[in-house]
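Residue-level structural notes
Each chain is listed here by its residues.
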Amino acid sequence: MSGSAITVSAVDATGEAGERSVRELMLGTWRGRFGVGVLGLFCFLAVFGSLVAPDDPFASSLDVMAPPSAEHLLGTTEQGSDVFSQLLVGARVSIVVGFAAALISALLGSAVGLASGYFGGWTDRILDALENWFLVIPTLPLMIVLARLLDPSLTVLIVVIGLTSWAGTGRIVRAQVLTLRERAFVERARALGASDTYIIRTHILPNTAPLIFANTVLIVAVAILSEAALSFLGLGDPTRISWGTMLENAFESGAPSAEAWWYVIPPGLCITMLVLAVALIGFLFEEHINPRLRDQR
Amino acid sequence: MSGRWLAGKVAAALVTLAFVLVFNFFLFRVMGDPTTQLARLPQSTPEEIEKLRADYGLDKSVVGQFADYVGDTLRLDLGISQRTRERVWDEIATAMPWTLLLVGTGTLLATLIGSWLGVIAATRRGQKADDGLLGFSLFTYAAPEYWIGIILILVFAVWIPVLPAGQQVTPGVEFSSFFAEALDVAEHLILPATAMTLMLLGQYFLIMRSSMVDVLTEDFITVKRAIGLPWDRVVRSHAVPNALLPLVTLSAIQFGGVVAGAITIETIFSWPGLGELTFTAINDKDFPVLQGTFLIFSVGVIVANLLADCLYFALDPRVQSK
């Protein structure tokens, strides 16, 4: 996964140990092991899910809403499709949307936070107002409105979630940049005639990166939940299977009253496990950067 | 200087509100130009489209349209639902009390139970009860609230059919008294309110727990214990009241989440509030209704934030003396 390179540099920048410490952080506690294990499994499924799936997830049959059997490990849907196969394939949408939306959110949040913290003045005032607005406005209705106006697709989901979830990152980055800007090494660089881009690249960004990284991991969790909620509300990509759309189909076809627990429970459980895994990893990074959080436990 | 602090908060709320109006206007006029939808009607001639544009005021300049929009909104004229042909404001006004009932019950229960569990965990820090509660709150954070709702229906309305699976009253029943009807509504409220409570519980629990952990290490607690007060009383009369303040701030942050929960949970339980109104508007591409509910949700969150600020102001003497 491409994330590992970022991980290493992020931890390096905190001035503590390098790669070994990341491994210890992730594998030394049960929380880390659970997080890495579950995330790893779902990432594997995101890539190979359609190859591993025992059945064509789209194939319909007359065997409708059938309970688990040897042929269908987790029963069938209202279309007679294999629930287990849909579950394996569904990992892709959650992982792709979760990480891609979080990436957009991280880029936007860092850019806005850097600009408003570093340049101050009117730039700060305007960007800060914008940030405030996004923080106050209820996110799900905003996402619903945007997604509905744009006709649902995977790209629309990613962009809409990314565009609406960066404000928290912006706030954190801004605060960090404000303290960094006044530090001696930055002032020294400025006195020596270094340009803004140079100072941001060599001093500000490396010292903000760990914070951005930990925060972004937590945004991934939020983005996965957002994708599931939007898909559940009928705003998902109609050409793809996701756990959210599975729940939507199950609910719309009356699976709860048909006692089709095999159709209702697994998709939600997968969302929960993945979000839990990502959040636990995020919390560990947060604690690593800010050990005071650990003392609270 | 205390008045200035409050005036600043009110001003900020008004600015946010103005932003919402501008945003809402541009989003729906520019991205969702009604004429593109009108032009989709096969029988519409160019003349008819022109007439409709005039009816909608779309032939005016953008500034003129915006002025119209703000004026209409302030008069609570939010347009006409494309699906039901009713006034959007009327639909919102009918739905609002149901959302307030659900959201109010959920928030109240979550605050009470969450802070109670927070105190339990903080006073048993590191013990089994604490670990269990932390795990439980993590689970409720990660589990989608609508999925919890579906499971509640599966268990308590299908497997053990003791509670209604949806809607707000039993349809087609003539109630002998207001009390009988209220009882029926209460019965219908149990499952959706439980889903709402479970969704919000974790955050209140975590905040109360960490706030209590902080307070319990402070000197005045040690002193109270040293003078021989029983531990129960130290917790109840001295630690808890001091630890409650952060909960107020949290309620403000939570409002966005409450709105999201209202949308999905009401959808699951066919609860006739603003969330279900939003859901049907999504499916029918009913943009006036979508625009209206987005506005109401935003206004609700802004007002609730302001109220939380005022409450915080009233409760914390340190803010007032600044």
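Residues numbered from 1 in each chain as written. Chains lettered and ligands numbered in written order. Predicted model: local features only at pLDDT ≥ 70, side-chain atom pairs only at ≥ 80, totals over all residues.

1. Regarding the overall build of chain A
Secondary structure summary: chain A contains 13 helices and zero strands in total. Ordered by position from the N terminus, the helices and strands of chain A form the series α-α-α-α-α-α-α-α-α-α-α-α-α. By its C-alpha atoms, chain A is 75 × 45 × 35 Å across when sized along the principal axes. Per-residue burial over chain A gives 48% buried out of 297 residues. For chain A, the proportion of contacts with a sequence separation of at least 24, taken over those separated by at least 6, is 71%. (Helix = DSSP H or I, 4+ residues; strand = E, 2+ residues; numbered from the N terminus. Buried ≥ 20, exposed ≤ 12 C-beta atoms within 10 Å, placed from the backbone. Contact = placed C-beta atoms within 7 Å.)

2. A short note on the overall build of chain B
The helix and strand tally for chain B stands at 14 helices and zero strands. In chain B, the succession of α and β elements from N to C terminus is α-α-α-α-α-α-α-α-α-α-α-α-α-α. The principal-axis extent of the C-alpha atoms belonging to chain B is close to 90 × 60 × 40 Å. Per-residue burial over chain B gives 37% buried out of 322 residues.

3. Structural notes on the interface of chain B and chain A
Contacts between chain B and chain A engage 43 residues on the former and 34 residues on the latter. Of all the elements in the fold, those that place two or more residues in the side of chain B that touches chain A are helix H1 (2-31), helix H6 (128-142), helix H7 (145-159), helix H8 (178-216), helix H11 (245-268), helix H12 (274-284) and helix H13 (287-315) of chain B. Looking at side-chain class alone, the side of chain B that touches chain A contains 31 nonpolar, eleven polar and one charged residues. (Nonpolar A, V, L, I, M, F, W, Y, C, P; charged D, E, K, R; others polar.)

4. Some points on the nonpolar core
In this structure, Val 220, Ala 223, Ile 224, Val 275 and Val 278 of chain A together with Met 212 and Val 259 of chain B are the most contacted members of the largest nonpolar core, which totals 158 residues. Contacts of Ala 223 of chain A, omitting those with residues within four sequence positions, involve Val 97, Gly 98, Ala 101, Ala 102, Ile 161 and Ser 165 of chain A. (Core = buried A, V, L, I, M, F, W, Y, C linked by C-beta atoms within 7 Å.)

5. Section: the environment of Leu 21 of chain B
Residues and elements named next belong to chain B. Here Leu 21 is to be found in helix H1. Spatially, the C-alpha atoms of Leu 21 and Glu 86 are 22 Å apart, while their sequence positions differ by 65 residues. Dropping the residues within four chain positions of it, Leu 21 is found in contact with Val 70 and Thr 73.

6. Concerning the packing of helix H5 (residues 121-136) of chain A against helix H8 (residues 167-181) of chain A
Think of two packed helices as two axes; the pair is described by the angle between the axes and how far apart they sit. All names here are of chain A. Between H5 and H8, whose axes approach to 8 Å, the crossing angle comes to 135°. Comparing the axis directions of H5 and H8 gives the class oblique. Once H5 is placed against H8, the crossing between them reads as left-handed. Taken together, the residues of H8 that come into contact with H5 (itself represented by Glu 131, Phe 134 and Leu 135) are Ala 167, Gly 168, Gly 170 and Arg 171. (Axes fitted to C-alpha atoms, helices over the stretch in contact; angles between N-to-C directions. Parallel < 35°, antiparallel > 145°, perpendicular 65-115°, else oblique. Left-handed = near helix turned anticlockwise from the far one by under 90°.)

7. Overview of the packing of helix H6 (residues 139-150) of chain A against helix H7 (residues 154-164) of chain A
Residue and element names in this part refer to chain A. Two elements in contact, H6 and H7, have axes separated by 10 Å at closest approach and are oriented at 145°. In this structure, the crossing between H6 and H7 has a hand that is right-handed. Contacts between H6 and H7 involve Thr 139, Leu 142, Met 143, Leu 146, Ala 147 and Leu 150 from the first element and Val 156, Leu 157, Val 160, Ile 161 and Thr 164 from the second. When grouped by side-chain class, the residues that make up the contact of H6 with H7 number nine nonpolar, two polar and no charged.

8. A few points about unusual backbone geometry
In this model, Glu 259 of chain A sits at a positive phi of 60°, which is unusual for a non-glycine residue. The topology assignment puts Glu 259 of chain A in the loop between helix H11 (243-252) and helix H12 (261-289). The phi angle at Lys 285 of chain B is positive, at roughly 50°, despite the residue not being glycine. Of note, Lys 285 of chain B is situated in the loop between H12 and H13.

9. Concerning helix H5 (residues 88-123) of chain B
Between the first and last C-alpha of H5 of chain B there are 50 Å, a value that for 36 residues agrees with the 52 Å anticipated at 1.5 Å per step. Of all the bends in H5 of chain B, the largest measures some 30° and sits at Ala 95 of chain B, one to four residues before the proline Pro 97 of chain B. (Expected span 1.5 Å × (residues − 1). Bend = angle between axes of the 7 residues up to and from the residue.)

10. A closer look at the environment of Thr 94 of chain B
Checked against the element boundaries, Thr 94 of chain B lands in helix H5. Residue classification places Thr 94 of chain B among the partly exposed residues on the basis of 14 C-beta atoms within 10 Å.

11. Quick notes on the domain arrangement of chain B
All names here are of chain B. Along its sequence, chain B is organised into domain 1 (2-74) and domain 2 (92-320). Between the C-alpha centres of domain 1 and domain 2 the distance comes to 34 Å. Contact with domain 1, which involves twelve residues of that partner, is made by 13 residues of domain 2. Among the residues making up the side of domain 1 that touches domain 2, the classes are represented as seven nonpolar, four polar and one charged. (Domains from an automatic or database assignment.)

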